[in-house]
Amino acid sequence: MARVNDHYLELKSSYLFSDIAKRVQAFGDANPGARLIRLGIGDVTRPLPAAVIRALHDAADEMGRAETFKGYGPETGYPFLAEQIATHDYGARGVNVAPDEIFISDGAKSDTANIQEIFAPDCVVALTDPVYPVYVDSNVMAGRAGRADQAGRYDRLVYLPCTEDNGFSPALPGRPVDLIYLCYPNNPTGAVLTRESLGAWVDYARRHQAVLLYDAAYEAYIRDPDVPHSIFEIEGAREVAIEFRSFSKTAGFTGTRCAFAVVPKELMGRSATGAPVSLHALWFRRQSTKFNGVPYPIQKAAAAVYTPDGQKQVREAIDFYMENARIIRDGLVAVGLTVYGGRNAPYLWVKTPPGLGSWQLFDKLLNEAHVVGTPGAGFGPSGEGYLRLTAFGQRAKTVEAIERIKTRLKL
Ligand code: PLP
């Protein structure tokens, strides 16, 4: 028998979504007539924008004609898309990112999971608690996390608690770290970082020669004009940060798959002897060895997001979700709950009432209002005492869920 990668055996099974499924199933069996509304999902519900659909059709036609057929494309993406990204996502905000610093991919999930491969196994990793679980698990698989304790904390990871007390903005690590995962706007708390807080992270990374792995998958939901959309809006960030973005939540591409990572050319790691090594060159090598690019029609579809029609349609979808967020927020506040997030992010982080844990509020919502959320404890120990709701639902269902919470929830 072939020996397996033992590190995989250190993974904690994710009981979160299977536990939710079991409780929902049990509830459904006991209440066959009940109509459940799911406000826990992290997937979009609006269809793709019309401009994107048109581009998909046109690109499919191109693939059907010998003169315009495309085989393998560049592993890091077509310049026509990278140029649009550089111009619209960065240039328009006064940020200088060259098209060849943009690596187009099939998802921010794969990028944030794979990026750790270009770093040494003994790098010390810091991440927020609560957290998007992919950052943790990909480092566990690589043997960088150590062993988990009863509470599910790995002994070699440095956890940065994000709590009500620190406004869900983590303190700088108390010990030297090499890699720091930051996700803003945040999943699950819906928090954003101010320019000053982001600046403190960039300073920290520069002082300690750490690398910031900045996941900006929800950048399009930022409303507050003072909140930075990109880590590269902060001076000096090009020497210490990699940014991840996605068309998933921006333009409804969760099932279509297109994203990108920005790795600046100035960004260096070091070899065992201390010599500087370009992380851009390593990521290029990694992607060109293990990835063969995003399909041409999908990249054409992503480029259509930047057309005037595409921009307008994308804005409408985001406005739609943010109106859902407002409806949820106002409704929950009206029944006396404390709610964070939902202003610059599609996630609402609901504080459980005194005496109730994450799972107890989950059960209460399910049993009394027939609404499904996600217990905050599932995202890490500091998520205990919270429940995550999302603004990605259909309008009528969102409105009805809030109405039920208002009229049926016994708080
Ligand atoms: N990053 C964060 C923080 C997410 O919440 C998600 C999806 O839920 C992703 C990345 C995944 O994005 P993609 O669909 O591009 O893989």
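Fair warning: this is a prediction, and the values are worked out from it, not measured in the lab.

This brings us to the sheet that holds strand β12 (residues 347–351). Read from one edge to the other, the open sheet built from four strands follows the order β11-β12-β15-β14, with strand pairing classed as antiparallel. The open sheet has two edge strands with one neighbour each: β11 (339–341) and β14 (374–375). Taken together, the three bridges between β11 and β12 define a ladder with antiparallel strand orientation. Bridged to Val339 within β12 is Val350. In the packing of helix α10 (residues 308–334) onto the sheet, the strands contacted are β11, β12 and β15 (386–390), and the crossing angle to β11 comes to about 155°. Seen against the sheet, helix α11 (residues 358–369) touches β12, β14 and β15 and runs at an angle of roughly 50° to β15.

With that settled, consider the pattern of salt bridges. A complete count under the given rule lists 25 salt bridges for this structure. Where Arg245 meets Glu219, a salt bridge forms, and the shortest distance between an N and an O atom there is 3.4 Å. Within this pair, whereas Arg245 is found in strand β7 (residues 241–246), its partner Glu219 is found in the loop between β6 (211–215) and β7, the two being separated by 26 residues in sequence. The same class applies to Arg245 and to Glu219, which are both buried. Note that Arg315 and Asp319 form a salt bridge whose closest N and O atoms lie 3.9 Å from each other.

Looking now at the site of the ligand. If you check the shell around the ligand, you find 14 residues, and the closest are Ala108, Asp215, Tyr218, Ser246 and Ser248. At 2.7 Å from a nitrogen atom of the ligand is found a side-chain nitrogen or oxygen belonging to Asp215. In this structure, an oxygen atom belonging to the ligand sits 2.6 Å away from a side-chain N or O atom of Ser248. Protein burial of the ligand: of its 400 Å² of free accessible surface, 91% is covered by the chains. The residue inventory of the shell around the ligand, partitioned by class, reads six nonpolar, four polar and four charged.

Here we come to the layout of surface pockets. The volume enclosed by the second largest pocket comes to roughly 600 Å³. Lining the second largest pocket are 27 residues, with Gln209, Val211, Met268, Gly269 and Arg270 sitting closest to its centre. Broken down by secondary-structure element, the contributors of at least two residues to the lining of the second largest pocket are α6 (195–208), β9 (268–270), β10 (276–278) and α8 (279–290). In terms of residue class, the lining of the second largest pocket is made up of 17 nonpolar, five polar and five charged.

Here we come to the state of the cysteines. A complete count under the given rule lists zero disulfides for this structure. This cysteine, Cys162, is not joined by any disulfide, and Cys183 carries the nearest cysteine sulfur, 10 Å off.

In total, this model carries one cavity of 30 Å³ or more according to the counting rule given. For the largest cavity, the calculated volume is near 40 Å³. As for the largest cavity, its lining consists of Leu332, Leu337, Val350, Leu361, Leu365, Leu387, Leu389, Ile405 and Leu409. Secondary-structure elements contributing two or more residues to the lining of the largest cavity are α11 and β15.

Quick look at the packing of aromatic side chains now. Tallied over the entire structure, the rule returns 20 aromatic pairs. Taking the centre distance of 5.3 Å and the plane angle of 75° together, the rings of Tyr78 and Tyr296 count as edge-to-face. Within this pair, whereas Tyr78 is found in the loop between α2 (50–63) and α3 (79–90), its partner Tyr296 is found in helix α9 (residues 296–304), the two being separated by 218 residues in sequence. Consider the rings of Trp349 and Tyr386, whose centres lie 5.2 Å apart with planes at 5°: the pair is stacked. Note that Trp349 is positioned in strand β12 and Tyr386 in strand β15, a separation of 37 residues in sequence. Its relative accessible area of 0% is what places Trp349 among the buried residues. Judged by relative accessible area, Tyr386 falls into the buried class, the value being 7%. These aromatic residues form a ring-pair network of at least three members: Tyr218, Tyr221, Phe320, Tyr321, Tyr347 and Phe392.

Now for a nonpolar patch on the surface. A cluster of nonpolar side chains, Val4, Tyr8, Leu9 and Met141, forms an exposed patch at the surface whose accessible area comes to about 400 Å². With respect to the helices and strands, Met141 occurs in helix α5 (residues 133–141).

Cut-off values and rules
- Residues numbered from 1 in each chain as written.
- Predicted model: local features only at pLDDT ≥ 70, side-chain atom pairs only at ≥ 80, totals over all residues.
- Heavy atoms only, no water.
- Pairing = 2+ DSSP bridges.
- Helix = DSSP H or I, 4+ residues; strand = E, 2+ residues; numbered from the N terminus.
- Contact = heavy atoms within 4.5 Å.
- Axes fitted to C-alpha atoms, helices over the stretch in contact; angles between N-to-C directions.
- Salt bridge = Lys/Arg side-chain N within 4 Å of Asp/Glu carboxyl O.
- Buried < 20%, exposed > 50% of the residue type's maximum accessible area, 1.4 Å probe, protein only.
- Near = heavy atom within 4 Å.
- Polar contact = N/O pair within 3.5 Å; in protein donor to acceptor, adjacent residues only side chain to side chain.
- Areas by Shrake-Rupley, 256 points an atom, 1.4 Å probe, with all protein chains shown as cover.
- Nonpolar A, V, L, I, M, F, W, Y, C, P; charged D, E, K, R; others polar.
- 1 Å grid on protein atoms, 1.4 Å probe; cavity = no way out; pocket = protein on both sides within 12 Å on 5 of 7 lines; lining within 4 Å.
- Points joined across faces, edges and corners; volume = space filled by probe spheres on them.
- Disulfide = S-S within 2.5 Å.
- Phe/Tyr/Trp six-rings, centres within 6.5 Å; stacked < 30°, edge-to-face > 60°.
- Patch = residues over 30% accessible without salt bridge, like charges linked within 9 Å, V, L, I, M, F, W, Y side chains within 5 Å.

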